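Structural overview for review
For reference, the chains in residue letters:
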Amino acid sequence: MGNKYVLIEVIEREISVPEFFPTYEAAHKAMMRKFKEAMGLGDEDLAEAEPVERVDGGFKIDDDCCFTQWNAYGERYGQNFDWHIFEV
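What this report covers is the structure whose coordinates are included nearby. (Residues numbered from 1 in each chain as written. Predicted model: local features only at pLDDT ≥ 70, side-chain atom pairs only at ≥ 80, totals over all residues. Heavy atoms only, no water.)

**As for the overall build of the chain**
- The number of helices and strands found in the chain is two helices and eight strands.
- For a compact globule of 88 residues, the expected C-alpha radius of gyration is about 12 Å, and the chain comes in at 13 Å, within 12% of that figure.
- Its C-alpha atoms give the chain principal-axis dimensions of about 40 × 25 × 25 Å.
- A separation threshold of at least 6 residues defines the contact pool for the chain, and within that pool the share at least 24 residues apart is 46%.
- Total accessible area computed for the chain in this model is approximately 6000 Å², and 50% of it derives from carbon and sulfur atoms.
- Between the mean site of the 9 positive side-chain charges and the mean site of the 19 negative ones, the chain shows a separation of 5 Å. (Helix = DSSP H or I, 4+ residues; strand = E, 2+ residues; numbered from the N terminus. Rg over C-alpha atoms; globule rule 2.2 N^0.38 Å. Contact = heavy atoms within 4.5 Å. Areas by Shrake-Rupley, 256 points an atom, 1.4 Å probe, with all protein chains shown as cover. Lys, Arg positive; Asp, Glu negative; His and termini not counted. Charge placed at Lys NZ, Arg CZ, Asp CG, Glu CD.)

And the structure:
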């Protein structure tokens, strides 16, 4: 049995039910889908994101919106959104 990955989503202190995935790629795809939907972003927005020098694999959309290999966060409609993938 291989590694499993769990995706946690928090919106203004409300923690979602964890989602489990058999691969990192599946967990990351789900995180990015949620991130894009919540932030109102498209694939072109992600392609234009600026690399964050101090975060390996991190990209910045703006000051309140960023994604990396293992997490993403942003602020929209006055609410904070956070996602994190854990290997279990």
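The structure having been displayed, the exposition proceeds.
**A word on the nonpolar core**
- In this structure, Leu-7, Met-31, Phe-35, Met-39, Phe-67 and Trp-83 are the most contacted members of the largest nonpolar core, which totals 19 residues.
- At the level of secondary structure, the elements contributing two or more residues to this core comprise β1 (5–11), α1 (24–39), β6 (65–67) and β8 (79–87).
- It is α1 that contributes the most residues to this core, seven residues altogether.
- In contact with Met-39, not counting residues within four places along its chain, are Cys-65, Gly-74, Glu-75, Arg-76, Phe-81 and Trp-83. (Core = buried A, V, L, I, M, F, W, Y, C linked by side-chain atoms within 4.5 Å. Buried < 20%, exposed > 50% of the residue type's maximum accessible area, 1.4 Å probe, protein only.)

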